[in-house]
Amino acid sequence: MQWATFLSSFAASLVEFVEAFTIVLVVGVTLNWRSAFAGTGLALALLAALVAIFGVALAKYVPLDALRLVIGAILILFGLKWLKKAILRYAGRKALHDEEAIYEHETAALRAMGVHHSNHIDRFGVAMAFKSVLLEGLEVVFIVITFGLAAAHSDAERMAGLQAAALGALAALVLVVLVGAVVHAPLRQVPENTLKFTVGVMLTTFGTFWAGEGLGVVWFGEDLALLWLVVIYLVASFALVTWLRSGTSQPRPVKSASHS
Amino acid sequence: MQAIKNAVVSFYIFLVGDMRILVGTLLALCITWLLVGLAPSLAGWFLLLMVIATLTVALWREVTP
């Protein structure tokens with residue numbers, strides 16, 4: 001089992017599934033749980049199919065150097081996106097992601113539309129749950145595929161990497177569902193910004209390393225370069241937080257639940 | 001053709017949301033590719049610095065009116 005791949009995928013997926021869970025909870029509590037589960041199930045099936053189709057196709061048919069360059073570039077893009085938002089939140093320039101506020105907002109919006117509890121499967125509820133899980137899950141798909149494929153040196157390793165990454169995502173989903181079923185409320189105790197910051201640093205580090213390898217860069221220390229790349233990105237990120245904090249402005253208000 | 005281009009741009013903005021990050025990253029990769037032939041280990045340092053610069057510019061544009 002490729003534990004680094006499993007854990008990276010687990011951490012990244014956890015953040016996304018927590019956000020999707022909030023909307024599924026809104027649908028379940030306001031409408032009914034059958035609609036929430038139906039929409040969620042459909043989205044998860046589609047996401048699993050995307051991982052299987054694209055992951056296997058990339059693993060089997062794309063040459064390793066080209067694959068590493070493309071995957072590295074995608075990981076840098078995602079990593080910088082997550083890092084940017086996490087740094088803005090740490091610096092107080094953007095409000096922290098508040099799952100409870102989003103839950104209250106979305107519930108109020110549904111009630112204002114005249115949506116009320118029903119006993120049958122409701123198409124609107126199914127669509128809302130489906131959309132939320134699909135949108136949050138698409139990033140998970142990208143992360144699972146890229147993490148799963150990039151660390152490998154052979155087709156067999158690539159398939160093993162894909163499985164490890166997919167299992168990490170699945171473990172995150174199971175954890176969120178179990179905790180959510182017990183708590184039955186928005187998961188506000190999850191340190192989302194810390195997770196996003198950590199995953200952002202990881203994605204950027206791995207993306208830089210693999211994109212560089214794909215281009216023919218000779219990294220000092222070879223695979224150990226990942227360690228000093230992480231350290232440099234951490235130091236740079238903390239420096240950027242300090243720099244942003246030195247200015248003064250109010251954080252932006254929390255937006256309604258949407259792709260983060 | 002325009003519809004395809006709009007769809008690709010919309011999909012990118014949905015996933016990542018910041019065109020500066022895309023431009024900075026692509027620029028970093030292109031220049032690194034050119035440098036690799038001259039100095040393969042220095043090219044790595046350049047890529048690292050360009051990625052940090054891209055993040056810095058994206059943050060700066062976010063907080064500057």
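Reading guide: rules and limits
Residues numbered from 1 in each chain as written. Chains lettered and ligands numbered in written order. Predicted model: local features only at pLDDT ≥ 70, side-chain atom pairs only at ≥ 80, totals over all residues. Helix = DSSP H or I, 4+ residues; strand = E, 2+ residues; numbered from the N terminus. Buried ≥ 20, exposed ≤ 12 C-beta atoms within 10 Å, placed from the backbone. Rg over C-alpha atoms; globule rule 2.2 N^0.38 Å. Axes fitted to C-alpha atoms, helices over the stretch in contact; angles between N-to-C directions. Parallel < 35°, antiparallel > 145°, perpendicular 65-115°, else oblique. Left-handed = near helix turned anticlockwise from the far one by under 90°. Nonpolar A, V, L, I, M, F, W, Y, C, P; charged D, E, K, R; others polar. Core = buried A, V, L, I, M, F, W, Y, C linked by C-beta atoms within 7 Å. Contact = placed C-beta atoms within 7 Å.

Attention shifts here to the overall build of chain A. Along its length, chain A carries eight helices and zero strands. Element order for chain A, N to C, with α for helix and β for strand: α-α-α-α-α-α-α-α. Put simply, chain A has 260 residues, and 51% of those count as buried.

Across its full length, chain B holds three helices and zero strands. Listing each helix as α and each strand as β along chain B from the N terminus yields α-α-α. At 15 Å, chain B has a C-alpha radius of gyration far larger than the 11 Å of a compact globule built from 65 residues. Seen through its principal axes, chain B has C-alpha atoms that stretch 40 × 35 × 15 Å. Taken over 65 residues, chain B has a buried fraction of 29%.

All names here are of chain A. Viewed as axis vectors pointing N to C, helix 3 (residues 64-90) and helix 7 (residues 192-215) meet at an angle of 150 degrees, and their least axial separation amounts to 6 Å. Between helix 3 and helix 7, the angle falls in the class roughly antiparallel. Read as a crossing pair, helix 3 and helix 7 show a hand that is left-handed. Here the residues of the contact of helix 3 with helix 7 sort into 20 nonpolar, eight polar and six charged.

Let's shift gears to the environment of Tyr103(A). Relative to the assigned elements, Tyr103(A) resides in helix 4 (residues 99-112). Along the primary structure Tyr103(A) and Glu19(A) are separated by 84 residues, whereas in three dimensions their C-alpha atoms are 9.9 Å apart.

Bringing the nonpolar core into the picture now. With 93 residues, the main nonpolar core has Val24(A), Ile87(A), Ala129(A) and Val144(A) as its most contacted residues. Counting residues per element, this core draws most heavily on helix 3 of chain A, which supplies 15 residues. In this structure, Ile87(A) is in contact with Ser237(A), Leu240(A), Val241(A), Leu244(A) and Leu59(B), ignoring residues within four places of it in sequence.

A few words now on the environment of Gly200(A). Residues and elements named next belong to chain A. Positionally, glycine 200 belongs in helix 7. Take glycine 200: there are 24 C-beta atoms within 10 Å of it, and that puts it in the buried class. Sequence separation between glycine 200 and valine 230 is 30 residues, and the spatial gap between their C-alpha atoms is 11 Å. Residues in contact with glycine 200, not counting those within four places in the same chain, are Gly79, Trp82, Leu83 and Ala86.

Below, the discussion takes up unusual backbone geometry. Phi is positive for Glu222(A), which is not a glycine, with a value near 55 degrees. For Glu222(A), the location among the structural elements is in the loop between helix 7 and helix 8 (225-245).

It is at 10 Å that the axes of helix 7 of chain A and helix 2 (residues 19-36) of chain B come closest, and there the two elements cross at 45 degrees. Considering their axes alone, helix 7 of chain A and helix 2 of chain B lie oblique with respect to each other. Here helix 7 of chain A runs over helix 2 of chain B; the crossing is right-handed. Together, Ala211(A), Gly212(A) and Leu215(A) of helix 7 of chain A and Leu29(B), Thr32(B), Trp33(B) and Val36(B) of helix 2 of chain B make up the contact between the two elements. Residues belonging to the contact of helix 7 of chain A with helix 2 of chain B are distributed by class as follows: five nonpolar, two polar and no charged.

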